[in-house]
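A closer look at the structure
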Amino acid sequence: MYELVQVAENTYYINSPSKMGVYRVSDDDVWLIDSGNDKDAGRKVQKILEAQGWKLTAIINTHSNADHIGGNTLLQNRLNCAVYSTPMENAVIEAPILEPSFLYGGYPFKKLRNKFLMATPSKAQDIAEAKLPEGMEIIPLGGHFWQMIGVKTPDNVYFLADCLFGENIVAKYHVNFVYDLQAFLDTLDFVEQFQGKLCIPAHAEPTEDIVSLVKVNRDKSLEILDKLLEICKTPKNFELVLKEVFEAFDLTMDYGQYVLVGSTIRSYLSYLLDKGQMEAYVEDNLLLWKTAETV
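Read on for an overview of the structure. Sequence order as written defines the numbering, with residues in each chain counted from 1. Given that the model is predicted, a residue must reach a pLDDT of at least 70 before its local features are reported, and side-chain atom pairs must reach 80 or more before they are shown or counted; all residues, however, enter totals for whole chains, interfaces and linings. To obtain the side-chain values, all non-hydrogen atoms of the structure were used and water was disregarded.

1. Quick look at the environment of Glu279
In this fold, Glu279 is placed in strand 13 (residues 278–283). Setting aside residues up to four positions removed in sequence, Glu279 forms contacts with Leu273, Leu288, Trp289, Lys290, Ala292 and Glu293. Numbering goes from the N terminus for both helices and strands, where a helix is a DSSP run of H or I of at least four residues and a strand is a run of E of at least two. By the convention used here, residues are in contact when the closest approach between their heavy atoms is within 4.5 Å.

2. Things to note about the sheet that holds strand 13
Two strands pair if DSSP finds at least two bridges between them. Taking strand neighbours across the sheet as the criterion, the three strands line up as 12-14-13 in an open arrangement whose pairing is antiparallel. Edge strands, defined here as strands with exactly one partner in the open sheet, are strand 12 (236–237) and strand 13. Where strand 12 and strand 14 (residues 286–291) come together, two bridges link them in antiparallel fashion. Counterpart to Lys236 in the pairing with strand 14 is Trp289. The axes are straight lines fitted to the C-alpha atoms, using for helices just the contacting stretch, and the angles between their N-to-C directions are given from 0 to 180°. Most of the contacts of helix 10 (residues 255–274) go to strand 13, to which it runs at about 105 degrees, and overall it touches strand 13 and strand 14.

3. Points about the packing of helix 8 (residues 210–231) against helix 10
Following both chains from N to C, one finds helix 8 and helix 10 inclined at 75 degrees, their axes separated by 10 Å at the closest point. Considered as vectors, helix 8 and helix 10 are oriented roughly perpendicular to each other. Together, Ser221, Ile224, Leu225, Leu228 and Leu229 of helix 8 and Ile265, Tyr268, Leu269, Tyr271 and Leu272 of helix 10 make up the contact between the two elements. Residue composition of the contact of helix 8 with helix 10, by class: nine nonpolar, one polar and no charged. Convention used here: angles under 35 degrees read as roughly parallel, angles over 145 as roughly antiparallel, angles from 65 to 115 as roughly perpendicular, and any remaining angle as oblique. Each residue receives one of three labels: charged for Asp, Glu, Lys and Arg, nonpolar for Ala, Val, Leu, Ile, Met, Phe, Trp, Tyr, Cys and Pro, and polar for the others, Gly being one of them.

4. So, the pairing of strand 9 (residues 149–152)
Within a regular strand, the side chains alternate between the two sheet faces. Relative accessibility decides the category of a residue: with a 1.4 Å probe and only protein chains considered, values under 20% of the type maximum give buried, values over 50% give exposed, and everything between is partly exposed. Side chains Ile149 and Val151 project from strand 9 onto one buried face, and the interleaved Gly150 and Lys152 project onto a second face that is buried too. Here four bridges tie strand 8 (residues 137–140) to strand 9, and the two strands are oriented antiparallel to one another. Note on strand 9: the bridge partner recorded for Glu137 is Lys152. Counting the residues that bridge the hairpin from strand 9 to strand 10 (residues 157–161) gives four residues, and of these Asn156 lies at a positive phi of roughly 70 degrees.

5. A look at the packing of helix 8 against helix 9 (residues 238–248)
Where helix 8 contacts helix 9, the axes come no closer than 10 Å and their chain directions differ by 125 degrees. On the basis of their axis angle, the class for helix 8 and helix 9 is oblique. Remark: the crossing between helix 8 and helix 9 carries right-handed chirality. Between helix 8, through Lys227, Leu228 and Ile231, and helix 9, the contact on the second element is made entirely by Val241, Glu244, Val245 and Ala248. For any helix crossing, the convention is left-handed if the near helix is rotated counterclockwise from the far helix by under a right angle, and right-handed if that rotation is clockwise.

6. Comments concerning the packing of aromatic side chains
For any pair of aromatic rings, the description rests on two quantities: the centre-to-centre distance and the angle between the ring planes. Stacked, edge-to-face and tilted are the three classes for Phe, Tyr and Trp ring pairs, Trp counted by its six-membered ring, which pair at centre distances within 6.5 Å; planes under 30 degrees apart are stacked, over 60 edge-to-face, the rest tilted. Applying the stated criterion across every chain, the model contains 13 aromatic pairs. Pairwise contacts between aromatic rings join Phe102, Phe145, Trp146, Phe177 and Tyr179 into one cluster. Criterion for a charge above a ring: Arg CZ or Lys NZ at most 6 Å from the ring centre, at most 35 degrees from the ring normal. Over the aromatic face of Phe238 sits the side chain of Arg266, whose NZ or CZ is 3.9 Å from the ring centroid.

7. Thoughts on the sheet that holds strand 7 (residues 125–126)
Overall, mixed pairing links the seven strands, which are arranged 1-2-3-4-5-6-7 in an open sheet. Every other strand in the sheet has two partners, leaving strand 1 (3–6) and strand 7 as the edge strands with one partner each. Inspection of the sheet shows strand 3 (residues 20–24) paired to strand 4 (residues 29–33) by four bridges, in the antiparallel sense. Looking across to strand 4, one finds that Val22 is bridged to Leu32.

8. Quick notes on the nonpolar core
What is meant by a nonpolar core is a set of buried Ala, Val, Leu, Ile, Met, Phe, Trp, Tyr and Cys residues, joined one to another through side-chain atoms within 4.5 Å. One finds Leu160, Leu228 and Ile265 to be the most contacted residues of the largest nonpolar core, which totals 42 residues. Put simply, the parts of the chain that give this core at least two residues each are strand 10, helix 7 (181–191), helix 8, helix 9 and helix 10. Looking at this core, the element that brings in the most residues is helix 8, giving eight residues. Grouped together as the second largest cluster of nonpolar side chains are 23 residues, Met20, Ala41, Ile59 and Ala66 included.

Put into C-alpha cells, the structure is as follows:
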C-alpha cells in the first residue's frame, strides 16, 4: 500500500484504500487528487512527494467523505498547499461534524464522531476559482455525495472518485453509500462513455473496461430496488425495512453501518416514492412504507 504508480507521462496514483491521484505539472510541482483517510495517510503522501523532490501546490478533493479528505490538515499545515472542492463539499471539509450529523439525522453521539465519519477540518476554496494546470478538467459526478467531482488529467486519465465501486466491494457490502440514486444512475450512464480510456475509481483497480464495472454497480442498485419493493409489500416502518435489508444481504449492523446503510436506504425509498412505485403514509404515529398497488 501507498506505492506511487505511474500510469501516463505526468499522471500517477498512490495505491491506498482510497486511491489518490498525482499530476506532475513540472519537474517539481504536483497537484494531489484526494488526500487519504487520516493524518497518517497525509504523512505517507508527504514522504512519497519528498522522495521524488516534488512540491505540493494544491489538493483537489473530489468530495468530502472522511476517507478522501483525512490527510488535508496535515499536508496543508506542513506544506502550505491550497485545498479545492465544490461549495457544498467545502462546507463539510471546513466543518467535518456535518458528515456524521447528516448521516445520523441529528447530533451524532460520540461513537459516530470518529475518523471514519469525521475528518479534521481544513481550509477549502471553490474549485471554480482554481487556476488548474493547463488541460486539466473537472467532471461533475453526482449521486454518491453532495457535489462530487472527478478529474481528467491532460494525459487523458480519469479519476472517478466514488461514482462506482469495485466488484469485490459490491459483492461484499451490497449497499454502498448513495445520496441521490437518480443522480448516481445518471452518472453511471455518463461514465460509460469513457470506455477505452484509463479510469481510476477510488475503490477499484484502474481499468479501461469501465462498462463492465458500471454494469456491476447498476445491477446491484436495481437489485436493491427490487428487494425494497418485495420487503414493503406489507406496510413497514423504516427500522423494520432496514432490519430486513440487513438480513436479506447478510450484513452485520454496527453504528457506522447503521447510519451509512440507513441513509442510503432512505435515499432508495425516496427514489421509489418519487417514481410512484412506493407509498408513504403516517398511521399510529409511524411513517410507513408500502409498495404501490400499481407495481
